[in-house]
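Listed here are the chains, written in short residue letters.
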Amino acid sequence: AQKVTQAQTEISVVEKEDVTLDCVYETRDTTYYLFWYKQPPSGELVFLIRRNSFDEQNEISGRYSWNFQKSTSSFNFTITASQVVDSAVYFCALQVSSNTGKLIFGQGTTLQVKP
Amino acid sequence: DAMVIQNPRYQVTQFGKPVTLSCSQTLNHNVMYWYQQKSSQAPKLLFHYYDKDFNNEADTPDNFQSRRPNTSFCFLDIRSPGLGDAAMYLCATSRKDRVLDTQYFGPGTRLTVL
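We now turn to the structure provided with this report. (Residues numbered from 1 in each chain as written. Chains lettered and ligands numbered in written order. Predicted model: local features only at pLDDT ≥ 70, side-chain atom pairs only at ≥ 80, totals over all residues. Heavy atoms only, no water.)

### Observations regarding the overall build of chain A
Going by this rule: A run of DSSP states H or I qualifies as a helix once it reaches four residues; a run of E qualifies as a strand once it reaches two. Both are numbered from the N-terminal end. Here the radius of gyration uses the C-alpha set of atoms, whereas the globule reference equals 2.2 Å times the residue count to the power 0.38. Relative accessibility thresholds used throughout: buried, under 20% of the residue-type maximum; exposed, over 50%; partly exposed, between the two (1.4 Å probe, protein chains only). We call two residues in contact whenever any of their non-hydrogen atoms come within 4.5 Å of each other. Counted as positive: Lys and Arg. Counted as negative: Asp and Glu, with His and the chain ends omitted from the count. Where a charge lies is defined by one atom per residue type, namely NZ (Lys), CZ (Arg), CG (Asp) and CD (Glu).
Summing up its helical and strand segments, chain A has zero helices and 12 strands in all. The linear arrangement of helices and strands in chain A, starting from the amino end, is β-β-β-β-β-β-β-β-β-β-β-β. Radius of gyration (C-alpha) of chain A: 14 Å, near the 13 Å computed for a compact globule of 115 residues. The C-alpha extent of chain A, read off along each of the three principal axes, is 45 × 25 × 20 Å. Within chain A, the proportion of its 115 residues that are buried is 45%. Restricting the contact set of chain A to residue pairs at least 6 apart, pairs at least 24 apart contribute 56%. The positive charge centre, built from 10 side chains, and the negative charge centre, built from 12, are 4 Å apart in chain A.

Below, the structure is given as structure tokens:
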């Protein structure tokens, strides 16, 4: 069975603080993909990053960085120097290559960045 | 800009009155998905089309149907909406050749059932 757990339901920080959103996944497949999506109040799911199971390199994109560790089945997301515009719900998702592309989402973490 | 478009953005219907939601894409992707997202929950896949092949999720109610008349358009039909069908409906598209590519989402249609 495949599962994604985002243990943090809500996080509140003050602008310019760093914040890490946790994601733990479960799958028996050896080939899979991990994603992070951002959902602002408007409702659209905005793609942030895609990682395949064979690429454990960490990635940095501006203020965003991702830490993928297969040993702990985690794919954590860090926002450095958070801004009010980062306030949104963030979803971690798993896609296994053996199925038809279904994204298995975690329950989401609501991030509130206060000025 | 290539994109995924959903119309309408907000839809109000009455209990039991059929409703159709629309999704179009200019990405030329061969896979189109419909997800249902209820308040404070994660999106849940209802079904998807891989080219013209329709794939239903096992737990999708029969009340939900879909049509894909061409590559660019996909419709979600709710035959007899109940109060429990009030949700955000998200359309997504992706490209599948040898591997599945990233899913890109439209802005969603928020459905209210009175």
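### As for the sheet that holds strand E7 (residues 64–67) of chain B
Residues and elements named next belong to chain B. Note the cut-off: Following DSSP output, two strands are said to pair if at least two bridges run between them. Lines are fitted to the C-alpha atoms to define the axes, a helix being fitted only along its stretch in contact, and any angle between axes, read from their N-to-C directions, falls within 0 to 180 degrees.
Strand order in this open sheet of four strands is E1-E3-E8-E7, and the pairing throughout is antiparallel. Of all strands in the sheet, those bounded by a partner on one side alone are strand E1 (4–7) and E7. Pairs of neighbouring strands in the sheet enclose a mean axial angle of 20°, with direction left out of account. Pairing geometry for E7 and strand E8 (residues 73–78), over four bridges, is antiparallel. Counterpart to Ser 66 in the pairing with E8 is Leu 76.

### Notes on the state of the cysteines
Which entries qualify depends on this criterion: By disulfide we mean two sulfur atoms from cysteines, separated by a distance within 2.5 Å.
Under the counting rule described, the total for this entry stands at two disulfides over all chains. At a sulfur-sulfur separation of 2.0 Å, the disulfide partner of Cys 23 of chain A is Cys 92 of chain A. Every disulfide takes its handedness from the sign of the S-S torsion; for Cys 23 of chain A and Cys 92 of chain A that torsion is -65°, giving left-handed. Here Cys 23 of chain A, found in the loop between strand E3 (19–21) and strand E4 (24–26), pairs with Cys 92 of chain A, found in strand E10 (residues 88–96); they are 69 residues apart in sequence, far enough to count as distant. In terms of burial, Cys 23 of chain A and Cys 92 of chain A fall into one category: buried. The disulfide bridge from Cys 23 of chain B ends at Cys 91 of chain B, spanning 1.9 Å between sulfur atoms. Disulfide Cys 23 of chain B to Cys 91 of chain B: torsion about the S-S bond roughly -70°, handedness left-handed. Of the two residues, Cys 23 of chain B sits in strand E3 (residues 19–25) while Cys 91 of chain B sits in strand E9 (residues 87–94), which places them 68 residues apart along the sequence. By relative accessible area, which is 0% here, Cys 91 of chain B ends up buried.

### A short note on the interface of chain B and chain A
Selection criterion: When two parts are brought into contact, each loses some accessible area as probed by a 1.4 Å sphere; the total of that loss over both is the buried area. One speaks of a salt bridge when a side-chain nitrogen belonging to Lys or Arg is within 4 Å of a carboxyl oxygen belonging to Asp or Glu.
Contacts between the two partners involve 21 residues from chain B, matched on the other side by 20 residues from chain A. Taken together, both faces of the contact between chain B and chain A bury some 1700 Å²; the carbon and sulfur share is 53%. In terms of surface lost to chain A, no three residues of chain B exceed Leu 100, Thr 102 and Phe 105 of chain B, which account for 28% of the buried area on that side. Counting across the interface, chain B meets chain A through one salt bridge.

### With respect to the packing of aromatic side chains
Short version of the rule: Two aromatic rings from Phe, Tyr or Trp, using only the six-membered ring of Trp, form a pair when their centres are within 6.5 Å; if the ring planes differ by under 30 degrees the pair is stacked, by over 60 it is edge-to-face, and anything between is tilted. A positively charged side chain is recorded as over a ring if its NZ (Lys) or CZ (Arg) lies within 6 Å of the ring centre. The angle to the ring normal must also be within 35 degrees.
Under the counting rule described, the total for this entry stands at 23 aromatic pairs over all chains. Consider the rings of Phe 91 of chain A and Phe 105 of chain A, whose centres lie 5.9 Å apart with planes at 85°: the pair is edge-to-face. A residue pair is termed long-range when its members are at least 10 positions apart, and Phe 91 of chain A in strand E10 and Phe 105 of chain A in strand E11 (residues 104–105) qualify at 14 residues. With a relative accessible area of 2%, Phe 91 of chain A lands in the buried category. With centroids separated by 5.3 Å and ring planes inclined at 50°, the aromatic side chains of Phe 47 of chain B and Phe 54 of chain B adopt a geometry described as tilted. Look at Phe 54 of chain B and you get partly exposed, because its relative accessible area is 37%. Among the aromatic residues, ring-to-ring pairing joins Phe 35, Tyr 37, Phe 47, Phe 91 and Phe 105 of chain A together with Tyr 33, Tyr 35, Tyr 104 and Phe 105 of chain B into one connected group. Note that Arg 50 of chain A overlies the ring of Tyr 33 of chain A, its terminal NZ or CZ placed 4.1 Å from the centroid.

### Examining the nonpolar core
Residues and elements named next belong to chain A. For the record, the criterion: Residues enter a nonpolar core if they are buried and are Ala, Val, Leu, Ile, Met, Phe, Trp, Tyr or Cys, with the set joined through side-chain atoms within 4.5 Å.
In terms of nonpolar packing, the biggest core is built from 26 residues, with Trp 36, Trp 66, Phe 75, Phe 77, Tyr 90 and Leu 111 touching the most fellow members. Elements with a contribution of two residues or more to this core: strand E2 (10–14), E3, strand E5 (32–39), strand E6 (46–52), strand E8 (64–69), strand E9 (74–79), E10 and strand E12 (109–114). Sort the elements by how many residues they give to this core and E10 lands first, with five residues. Aside from chain neighbours lying at most four places away, what touches Tyr 90 is Gln 6, Leu 21, Trp 36, Tyr 37, Lys 38, Leu 48, Tyr 64, Phe 77, Ile 79, Gly 108, Thr 109 and Leu 111.

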